[in-house]
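# Geometric and topological summary
One-letter residues, chain by chain:
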Amino acid sequence: MSSGLVPSLKQSCGSAGKSAINDLAIFGGTPAFPQPLHVGRPNIGNRAELARRIEDILDSAWLTNNGPYVQEFERRICELTGVAHCVCVCNGTVGLELAIRALGLKGEVIVPSFTFVATPHALQWQQIQPVFCDVDPITHTIDPDCVEKLITPCTTGIVGVHLWGRAAAPDRLADIAKRHGLKLLFDAAHAFACTYRGTGIGNFGDAEVFSFHATKFVNCFEGGAIVTNNAELAQRLRTMRNFGFVGYDRVDYIGTNGKMPEVSAAMGLTSLDSLDDFVAHNQRNHDAYARHLDKLPGFQMYAFPEGDKFNLQYVIVEIDPAAALTRDEVLELLHAENVLARRYFYPGCHRMEPYRSLYPSASQFLPHTEALSQRVLSLPTGTAVSEEDIRRIAGLIRLAWSEPELVRTRLASRKKA
Ligand SMILES: *Cc1c(COP(=O)(O)O)cnc(C)c1O
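Residues numbered from 1 in each chain as written. Predicted model: local features only at pLDDT ≥ 70, side-chain atom pairs only at ≥ 80, totals over all residues. Heavy atoms only, no water.

What follows is about helix H3 (residues 68-81). Taking 1.5 Å of rise per residue, 14 residues should cover 20 Å, and H3 covers 20 Å from first to last C-alpha, within 8% of that figure. Of all the positions in H3, only Tyr69, Val70, Phe73, Glu74, Ile77, Cys78 and Thr81 are classed as buried. Phi turns positive, to about 80 degrees, at Gly82, one or two residues after H3. (Helix = DSSP H or I, 4+ residues; strand = E, 2+ residues; numbered from the N terminus. Expected span 1.5 Å × (residues − 1). Buried < 20%, exposed > 50% of the residue type's maximum accessible area, 1.4 Å probe, protein only.)

This part covers the site of the ligand. Contacts to the ligand come from 14 residues, most closely from Gly92, Thr93, Asp187, Ser211 and Lys216. Between the ligand and Gly92, the relevant distance is 2.8 Å, taken from an oxygen atom to a main-chain nitrogen or oxygen of the residue. One nitrogen or oxygen atom from the side chain of Lys216 is found 3.2 Å from an oxygen atom belonging to the ligand. Burial of the ligand by the protein amounts to 92% of the accessible area it has alone, namely 380 Å². Taken together, the elements giving at least two residues each to the shell around the ligand come down to helix H4 (92-102) and helix H5 (118-124). Looking at the shell around the ligand, its residues break down into three nonpolar, nine polar and two charged. (Near = heavy atom within 4 Å. Polar contact = N/O pair within 3.5 Å; in protein donor to acceptor, adjacent residues only side chain to side chain. Areas by Shrake-Rupley, 256 points an atom, 1.4 Å probe, with all protein chains shown as cover. Nonpolar A, V, L, I, M, F, W, Y, C, P; charged D, E, K, R; others polar.)

What follows deals with helix H11 (residues 327-336). Within H11, seven of the ten residues are buried, which leaves the element mostly enclosed by the surrounding structure. Of the surrounding elements, those touching the buried residues of H11 are strand S12 (315-319), strand S13 (339-340), helix H13 (367-375), strand S14 (376-379), helix H14 (387-402) and helix H15 (404-416). Count one or two residues on from H11 and you reach Asn338, which has phi positive near 75 degrees. (Contact = heavy atoms within 4.5 Å.)

Our next topic: the packing of helix H2 (residues 47-60) against helix H9 (residues 262-273). At their nearest, the axes of H2 and H9 sit 9 Å apart, and the two run at 155 degrees to each other. Regarding the angle of H2 to H9, the classification is roughly antiparallel. Pair H2 / H9 crosses with right-handed handedness. Contacts between H2 and H9 involve Glu49, Leu50, Arg53, Ile54 and Ile57 on the former and, on the latter, Glu262, Val263, Ala266, Met267, Leu269, Thr270 and Asp273. (Axes fitted to C-alpha atoms, helices over the stretch in contact; angles between N-to-C directions. Parallel < 35°, antiparallel > 145°, perpendicular 65-115°, else oblique. Left-handed = near helix turned anticlockwise from the far one by under 90°.)

We now examine the pattern of salt bridges. Once their charged atoms are close, side chains differing in charge can pair, the charge on each being opposite to the other. This structure, assessed with the given rule, holds 23 salt bridges. Between Glu74 and Arg238 there is a salt bridge whose closest N-O contact spans 3.3 Å. With Glu74 in helix H3 and Arg238 in helix H8 (residues 231-241), the pair connects residues that are 164 residues apart, well separated along the chain. Using a relative accessible area of 6% as the deciding quantity, one classes Glu74 as buried. Note that Glu318 and Arg375 form a salt bridge whose closest N and O atoms lie 3.0 Å from each other. A residue pair is termed long-range when its members are at least 10 positions apart, and Glu318 in strand S12 and Arg375 in helix H13 qualify at 57 residues. The structure contains a network of salt bridges with shared partners spanning Glu49, Arg52, Arg53, Arg76 and Asp273. (Salt bridge = Lys/Arg side-chain N within 4 Å of Asp/Glu carboxyl O.)

Aromatic rings considered in pairs are described by the distance between their centres and by the relative angle of their planes. Scanning the entire structure with this criterion turns up 19 aromatic pairs. Ring geometry for Trp164 versus Phe345: centroids 5.6 Å apart, planes at 5 degrees, classification stacked. Linking Trp164 in the loop between strand S5 (155-161) and helix H7 (170-180) with Phe345 in the loop between S13 and helix H12 (355-358), this pair joins segments that are 181 residues apart in sequence. In this structure Trp164 comes out as buried when scored by relative accessible area, which is 0%. An angle of 80 degrees between the planes, with centres 5.0 Å apart, marks the rings of Tyr302 and Phe304 as edge-to-face. For the pair Tyr302 and Phe304, one class covers both residues: buried. Put simply, the rings of Phe114, Phe116, Trp164, Tyr314, Tyr344 and Phe345 touch in pairs and so form one group of aromatic residues. The side chain of Arg343 reaches across the aromatic face of Tyr346, ending 4.0 Å from its centre. The ring of Phe33 carries the charged tip of Arg392 above its face, separated from the ring centre by 4.6 Å. (Phe/Tyr/Trp six-rings, centres within 6.5 Å; stacked < 30°, edge-to-face > 60°. Lys NZ or Arg CZ within 6 Å of the ring centre and 35° of its normal.)

Before going further, it helps to spend a moment on the domain arrangement of the protein. Segmenting the protein into domains produces domain 1 (6-37 + 275-341 + 380-416) and domain 2 (47-273). Relative placement of domain 1 and domain 2: their C-alpha centres are 33 Å apart. Tallying the contact residues gives 16 residues for domain 1 and 25 residues for domain 2. Here domain 1 meets domain 2 over a buried area of about 1700 Å², counting both sides, of which 56% is carbon and sulfur. Looking at the side of domain 1 that touches domain 2, the elements that each hand over two or more residues are helix H10 (275-293) and S12. If you tally residues by element for the side of domain 1 that touches domain 2, the top one is H10, at four residues. Residue composition of the side of domain 1 that touches domain 2, by class: ten nonpolar, three polar and three charged. (Domains from an automatic or database assignment. Buried area = accessible area lost by both parts, 1.4 Å probe.)

Written as structure tokens, this is what we have:
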């Protein structure tokens, strides 16, 4: 390493309490954070408001079955996204399963492998074959050119994923779906309150599904919502969510229990009240990471396009495999410091069961997915993480970058021990 750089790198992390390589936890130093720092520590809004809503729910004794809080939450989601219909559900995965069934998908459905495993599971769970598609190396979302090549006479639909909150080429996918007579669904689990060319996410394809899991940006403890501008589809989803009931004693088709309880809607509404604060906090955190890690050789922040709204619930960096340290080395180093960064979405769904056994040669056709799953690291953010925490995290990374060979040797000997 060129000499001039090292002292300045070291100085920059002096106030992190670690100025020498031996201070790193992997060398036996005290972890930089006494408590673990998580990627998805829940954003908790105004507790008093939540408590007030819960008291009200208990007073009314209307705990579930499309109660007033669920209805209010659905209205607020429609207002915020500009979508005509919202059907809240118990979680995002059940939302995907319901949307897939209500749209009549069967046979083969094209889906990215670079996503959370719930996306293909929601298909496979219903004996529909997920056909894994590669992603664009810049946007990380499904590559429409690859989609077109994977269409067969058995294909009935496409499920795009708005990874990290970025719209998955909705115009191009809509065009492909139209030309081939396919249904188009979006897994919008990451993209609540985001926009694409000024239009709210939720308005694209036949339907879109949000997740309000505790680790997501807006949370309901557990929860999700299906949104659509198709009134008939929304009605079918409402019925399916409630066992297929259309009256007290009448069931018209197969359904399940996908209902959102009132207490979840109360949490969701409380989250919505603080939405702007959550976004502002995420923006400050995102900028802090960019400021402190910018220009670190081999490190690159995932870039969001100008002009649209993003919730910035994920801070994504890409680490060049030829950089001073690899992604996995950085991960191990950070975990030792109680910084629980995550390898989203390693190793890719096609390398997880049952898909690995069903499609043993899938990786050959997914070069960008394979490369990204080796490069991408998701860093802690959200309201539980401060700019000061980020300055310290970046300080640790920069310190390790100053003596990569030493760090690498140390990590290798830890593995042997
Ligand atoms: C979180 C997530 C889901 C699943 O949502 P749950 O509400 O946890 O069931 C689906 N897809 C993606 C991309 C997710 O990140």
